[in-house]
Protein chains: 2
Amino acid sequence: MDASLEPLKARRIYLLLRERIASGEISPGTRLASEPALALQHGVSRVTIRRALDSLATDGLIDRRVGAGTFVREPEAPRPIVADFSNMLTHLVEMGRRTGVRLLAFSYVQPPEAVAQALALGSGERTQRSVRVRLIDGKPFSYLTTHVPERIGLTYSEADLATVPLLTLLERSGALVERASQAISATLAGPDVAEALGLEIGSPLLSLTRVVLGPDGSGVEHLHALYRPDRYSFQMELHRAGEAGERRWSPVPAKAG
Amino acid sequence: MDASLEPLKARRIYLLLRERIASGEISPGTRLASEPALALQHGVSRVTIRRALDSLATDGLIDRRVGAGTFVREPEAPRPIVADFSNMLTHLVEMGRRTGVRLLAFSYVQPPEAVAQALALGSGERTQRSVRVRLIDGKPFSYLTTHVPERIGLTYSEADLATVPLLTLLERSGALVERASQAISATLAGPDVAEALGLEIGSPLLSLTRVVLGPDGSGVEHLHALYRPDRYSFQMELHRAGEAGERRWSPVPAKAG
DNA sequence: GCAAGTTGTCCTATACGCTATACAGCTAGA
DNA sequence: TCTAGCTGTATAGCGTATAGGACAACTTGC
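What comes next is a walk through the structure. Note that this is a predicted model, so its numbers are computed, not measured.

**Regarding the overall build of chain A**
Working step 1: Scanning chain A for helices and strands turns up eight helices and twelve strands.
Working step 2: For chain A, buried positions account for 49% of its 257 residues.
Working step 3: In chain A, the share of contacts with a sequence separation of at least 24, taken over all contacts with a separation of at least 6, comes to 58%.
Working step 4: Total accessible area on chain A is roughly 11,700 Å²; 51% of this is exposed by carbon and sulfur atoms.

**A short note on the protein's contact with DNA strand C**
Working step 1: Around DNA strand C, 26 residues are found, and the nearest of them are R46 and R50 of chain A together with S45, T48 and V66 of chain B.
Working step 2: Among atoms of DNA strand C positioned within 4 Å of the protein, sugar and phosphate together represent 69%.
Working step 3: Measuring from a phosphate oxygen of DNA strand C, one finds a backbone N or O atom of S45 of chain B at 2.9 Å.
Working step 4: Where the surface near DNA strand C is concerned, the elements lending two or more residues are α2 (35-42), α3 (46-58), β1 (62-65) and β2 (69-72) of chain A together with α1 (8-22) and α3 (46-58) of chain B.
Working step 5: If one sorts the elements of the surface near DNA strand C by residue count, α3 of chain B sits on top with four residues.
Working step 6: Here the surface near DNA strand C is composed, by residue class, of nine nonpolar, eight polar and nine charged.

**Comments concerning the environment of V164 of chain B**
All names here are of chain B.
Working step 1: With respect to the helices and strands, the residue V164 is situated in the loop between α6 (158-161) and α7 (166-172).
Working step 2: The buried category is assigned to V164, whose relative accessible area is 18%.
Working step 3: Considered as a pair, V164 and V101 are 63 residues apart in the sequence and their alpha carbons are 9.8 Å apart.
Working step 4: Ignoring anything within four residues of it in the chain, the contact list for V164 reads L169 and R172.

**Quick word on the relation of the copies chain B and chain A**
Working step 1: Structural alignment of chain B on chain A gives an RMSD of 0.4 Å, achieved by rotating through 180° and translating 0.1 Å along the axis. Both copies of the chain, as the preceding transformation shows, are related through a two-fold rotation axis.

**Section: the interface of chain B and chain A**
It is common to give the size of an interface as the accessible area that goes away when the parts come together.
Working step 1: In this complex, chain B contributes 60 residues to the contact, which on the side of chain A involves 60 residues.
Working step 2: For the pair chain B and chain A, the summed buried area comes to about 5,200 Å², and 63% of that belongs to carbon and sulfur atoms.
Working step 3: At the boundary of chain B and chain A, one finds six residue pairs in polar contact (both at pLDDT 80 or more).
Working step 4: Broken down by secondary-structure element, the contributors of at least two residues to the side of chain B that touches chain A are α1, α7, β8 (179-188), α8 (191-197), β9 (204-213), β11 (232-241) and β12 (248-252) of chain B.

**Things to note about the pairing of β8 of chain B**
Working step 1: Across the ten residues of β8 of chain B, seven count as buried, placing the element largely inside the fold.
Working step 2: In this structure, strand β11 (residues 232-241) of chain A lies alongside β8 of chain B, joined through six bridges in antiparallel fashion. Across the sheet, the residue bridging to M236 of chain A is Q182 of chain B, located in β8 of chain B.
Working step 3: Bridge count between β8 of chain B and β9 of chain B: ten bridges; the pairing is antiparallel. Within the sheet, the bridge partner assigned to A186 of chain B lies in β9 of chain B and is L206 of chain B.

Calculation rules
Residues numbered from 1 in each chain as written. Chains lettered and ligands numbered in written order. Predicted model: local features only at pLDDT ≥ 70, side-chain atom pairs only at ≥ 80, totals over all residues. Heavy atoms only, no water. Helix = DSSP H or I, 4+ residues; strand = E, 2+ residues; numbered from the N terminus. Buried < 20%, exposed > 50% of the residue type's maximum accessible area, 1.4 Å probe, protein only. Contact = heavy atoms within 4.5 Å. Areas by Shrake-Rupley, 256 points an atom, 1.4 Å probe, with all protein chains shown as cover. Near = heavy atom within 4 Å. Polar contact = N/O pair within 3.5 Å; in protein donor to acceptor, adjacent residues only side chain to side chain. Nonpolar A, V, L, I, M, F, W, Y, C, P; charged D, E, K, R; others polar. Least-squares fit on C-alpha atoms with pLDDT ≥ 70 in both. Buried area = accessible area lost by both parts, 1.4 Å probe. Pairing = 2+ DSSP bridges.

Written out as structure tokens, the structure is:
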């Protein structure tokens, strides 16, 4: 995922080839067109092609052999982490792997307007804001920003947050959790997120926004999560239920990736 | 979503500011720091700052007033289209809006290795490959690439594909649909997809890959979908079911966006 | 062994992104 | 009204990406 330093034209071609490789349009093991041929095809100079191939090489997507050509490499570990989505709330399928959390920020703040509105807070009401990076096997894969109303946030400590899942903390504190609404989208990595996740600026990210509400409609948690798509994806298995006319699908608890 | 032409430095700053605006760190209506001030803060020239602001302006995120300053604009229409995710298979919540399909490609091909494997095809077995762009109110929002085994694909016509949902065509043809598996991720727009969706190269995209299988494990459909995140997102409402110890969530059919 | 074709490296000239600076026109507040 | 500060615009100079070419080293197939 090296959305690299090389600007403009080289980057275009990098993205183009990367897509073709990822989509399987060029199968692993195949020889790519030669550098002069690619330069001709794309109407750029060979130097530019070489820059694009450099990026693909450092991504580990291709092998370059002097005198022989450039070859698409067999992918090694395809999708390390998978989020179980069967209950519509993501949680990790860990399979014995070591996960960790780094707490980047923890404070009580005046929340952004959008958050205050989603949580149905009174004007001036503050929230506990925390920024966490989750790791698996020592490598970061998600960047989580959460807002919790101050009165609820005070029921647990900074140390709790670094070890216990937030939803558990909330329930333990007596906050009633009634319903949730979440949206999944995509965005680009800004400088700070890129830094925290070990990515280049402008890399693609999976984005999840979740608002958890109590029975009276009061906000309990606002979560904004960003995931590295190469290390994390949402995955779900579905079984078909019901008869032909009625097309329905029901989730199957995922157990592996 | 104008991940623009301006390269490198301007793009960085564009992304940085865009993130701060989107996250609410800079509230709507607020005046941004002046261009010279921003230039100083970020260690770049004012021209570069101006390029970043140009992009934000064409995105409709800011208003620039000569002599007065640059202001964060109130967001207008937040999320036009929403996919109902309650049955775990996306389908549009249309709300009376006009949707359309453009068929970009239709042919029988030797499928990529990854697709052949996912569909459990014999070696050499061909597939019907189609590329479609879906529109809402005349504006493109998704780019769909599907592979269907040749024997099934032959049961409907190119014209059918432009009007009837594919899953319906498959069921009508007698193909038994037993289970499906799908994954959601994110990626960047390559040149062709960017062109088809009216985006700049390198824009972020939501990505969905779905494999539909019959009762005997044979493949029925392989779908690779790319969505413009500014026009489309997956959204779901959840109700809490079960008792405290058992944390379970059940989906609620979404009906609006 | 030989020839054709490949990647790796170096060169020069050009195009372009970026800096730095200056100034005009506009706005808001004193 | 006047002034300080803002955006809009233009200019010149510098560094770097790109184009285009040449050559060496290597691999493969004949």
